Amino acid sequence: MKHVSAWGRLSRDLHDVQVLSNRNSVPTVLASHSPGLAYGNGRSYGDVCLNPGGVLWQTSGLNKFISFDEATGRLVCEAGVLLRDIQRLLMPRGWMLPVTPGTQLITVGGAIANDVHGKNHHAAGSFGDHLLSLLLARTTGEVQQVNASNSPELMRATIGGLGLTGVIVAAELQLRRVGSPWMRTETIPYQGLTEFFALADASETDWEHTVSWIDCLAGPNVRGIFIRANHMDAGEADNMPSLREALASYNRKIRRKPLSIPFVPPLSLVNGLSLKPFNVAYYQLQKRKQGLGVTHFEPFSYPLDNVQHWNRMYGPSGFYQYQCVLPRDLGQDAIQAMLNVIAETREGSFLAVLKTFGDKPSKGMLSFARHGVTLALDFPNRGARTLELLNRLDAIVCQTNGRLYMAKDARMSRALFQAAYPNWAEFLMHRDPGISSAMSRRLME
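Residues numbered from 1 in each chain as written. Predicted model: local features only at pLDDT ≥ 70, side-chain atom pairs only at ≥ 80, totals over all residues. Heavy atoms only, no water.

A. Representation of helix H9 (residues 272-287) in the model. Here H9 spans 23 Å end to end across 16 residues, near enough to the 22 Å set by a 1.5 Å rise per residue. Close packing links the buried residues of H9 with strand E12 (182-191), strand E13 (209-214) and strand E14 (223-231). Here H9 starts with a cap whose side-chain oxygen sits 3.0 Å from the backbone nitrogen of Ser274, and that cap is Asn271. (Helix = DSSP H or I, 4+ residues; strand = E, 2+ residues; numbered from the N terminus. Expected span 1.5 Å × (residues − 1). Contact = heavy atoms within 4.5 Å. Polar contact = N/O pair within 3.5 Å; in protein donor to acceptor, adjacent residues only side chain to side chain.)

Below, the structure written as structure tokens:
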């Protein structure tokens, strides 16, 4: 038995961890150690990746590349491969993943199970849109090649299915061509949600990646930083000698040991004394960067990946991540109401991200992304006062027929889940009865 925590560090429960390292032996391990749950790199924030007192099938040992077609960009790999390893291996060959979330330190299996999204949803959809097929092991001993042709409903259930339909052993992904690792960016300070939505709408046609940081303590005086970006093509980057030198420097940098928070402080470093000065300083710093720029795709896409164990800064009680998506027509008023509640309670967020989703429907039965606006926040765990704040935010989400992101959730009610995910009953028909998680017991059982 081993203590295992999710990234939010809200609990530290004992699990029977069984390491999967040979894809051919997965059915045997599942049959002899079940019920259980697949566990990748542990970057989900809440209880979706936990099975307290039960079995976890650790998939990080399934980390092999199986094949890659350099002409078509089709990659077959095991489910424990990190997105980072795909990017760093294939970017020099002109290929990359079409969709990645705010960290690339997650496994392929985890990306499928949570149907992750990125800063380019309006252009590329979510991770499941680029999944061609997968190898799924069930606790019955069956191993099935699943795709949209031979098993369309099981495919829909597994994309965003929270690991509950079986253990993803391997997957075939369609990558996208890119000319260089460089991105041309534009940074724009904004005042008010009306200006944010105008920027988001105006950017969707010509910019692939859009995202904004928002000062969640500003209340009615909304302010933030909007960033949009496109990949540079090879010719454009090759004509800038400084970029070649910068790339060589960056490649040397990523080989060095990254920054790290070495221990858990006795109190959260994110608190009433630090939040206001941080938000003011961050806004002013980013405002000075306004205008056009060029950056490598890694620091743009994954700004926190270079700080190991950054989740420790919230102290011994951990933190809650809260991400919702709200319908576009109600989103502006609802986001303003949420910001007002946060400012009123002074329970501000260190990392507050506001962005829009496009109108492309997600493929998964329980996928999170839908047309609308999404707000992502983090709150140090202060017990009852934090839960009271989150319940107030839930009420706004419920009133607008929005939903919460289960990859980050740790306390959503069953009523809110069932209202927000209308396909949940259909999904249950495809569940593997030998798989269970803390989240599934909380929301579905």
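Structure's up, so let's keep going.
B. Main features of the environment of Lys408. Here Lys408 is to be found in the loop between strand E21 (403-404) and helix H13 (414-420). On the basis of relative accessible area, Lys408 is assigned to the buried category, the value being 16%. Along the sequence, Lys408 and Gln145 sit 263 residues apart, while their C-alpha atoms lie 29 Å from each other. Residues within four places of Lys408 in sequence aside, it is in contact with Tyr45, Gly46, Gln321, Gln323 and Ala376. (Buried < 20%, exposed > 50% of the residue type's maximum accessible area, 1.4 Å probe, protein only.)

C. Just the nonpolar core, in detail. One finds Ile86, Tyr322, Met338 and Leu393 to be the most contacted residues of the largest nonpolar core, which totals 110 residues. Setting aside chain neighbours within four positions, we find Tyr322 in contact with Met338, Leu375, Ala376, Leu377, Phe379, Leu390, Leu393, Asp394, Val397, Leu404 and Arg411. One finds Val178, Val211, Trp213 and Ile227 within the second-largest nonpolar core, a separate group that totals 13 residues. (Core = buried A, V, L, I, M, F, W, Y, C linked by side-chain atoms within 4.5 Å.)

D. Geometry of the sheet that holds strand E3 (residues 36-39). Read across the open sheet, the four strands follow the order E1-E2-E4-E3; overall the sheet is mixed. Lying at the two open borders of the sheet, with one neighbouring strand each, are strand E1 (2-4) and E3. Mean inter-strand twist for the sheet, computed between neighbouring axes without regard to direction, equals 50°. As paired elements, strand E2 (residues 13-19) and strand E4 (residues 55-58) share four bridges and run parallel to each other. Bridge pairing links Gln18 to Trp57 in E4. (Pairing = 2+ DSSP bridges. Axes fitted to C-alpha atoms, helices over the stretch in contact; angles between N-to-C directions.)

E. Expanded view of the pattern of salt bridges. Inspection of every chain in the model, using the stated rule, returns 18 salt bridges. Between Asp85 and Arg84 there is a salt bridge, with the nearest N and O atoms lying 3.3 Å from each other. A salt bridge links Arg176 to Glu208; the nearest nitrogen and oxygen atoms lie 2.6 Å apart. Note that Arg176 is positioned in strand E11 (residues 176-177) and Glu208 in the loop between helix H6 (193-203) and E13, a separation of 32 residues in sequence. Under the relative-accessibility criterion, Glu208 is labelled buried at 15%. A single salt-bridge network, built from bridges that share partners, covers Asp47, Asp409 and Arg442. (Salt bridge = Lys/Arg side-chain N within 4 Å of Asp/Glu carboxyl O.)

F. Fine view of the packing of H6 against helix H11 (residues 328-345). Running from N to C, H6 and H11 point in directions that differ by 145°, and their axes come no closer than 10 Å. The way H6 lies across H11 gives a crossing that is right-handed. Contacts between H6 and H11 involve Leu193, Thr194, Phe197 and Asp201 from the former and Arg328, Gly331, Gln332, Ile335 and Gln336 from the latter. Among the residues forming the contact of H6 with H11, the class breakdown is three nonpolar, four polar and two charged. (Left-handed = near helix turned anticlockwise from the far one by under 90°. Nonpolar A, V, L, I, M, F, W, Y, C, P; charged D, E, K, R; others polar.)

G. Up close: empty space enclosed by the protein. For the structure on display, the rule yields four cavities of 30 Å³ or more. Along its surface, the largest cavity is lined by 16 residues, and Met96, Thr100, His209, Ser301 and Tyr302 are the ones closest to its centre. Of the residues contributing to the lining of the largest cavity, the split by class is eight nonpolar, six polar and two charged. Quantified by volume, the second largest cavity comes out at close to 40 Å³. Taken together, the residues that form the lining of the second largest cavity break down as seven nonpolar, three polar and no charged. (1 Å grid on protein atoms, 1.4 Å probe; cavity = no way out; pocket = protein on both sides within 12 Å on 5 of 7 lines; lining within 4 Å. Points joined across faces, edges and corners; volume = space filled by probe spheres on them.)

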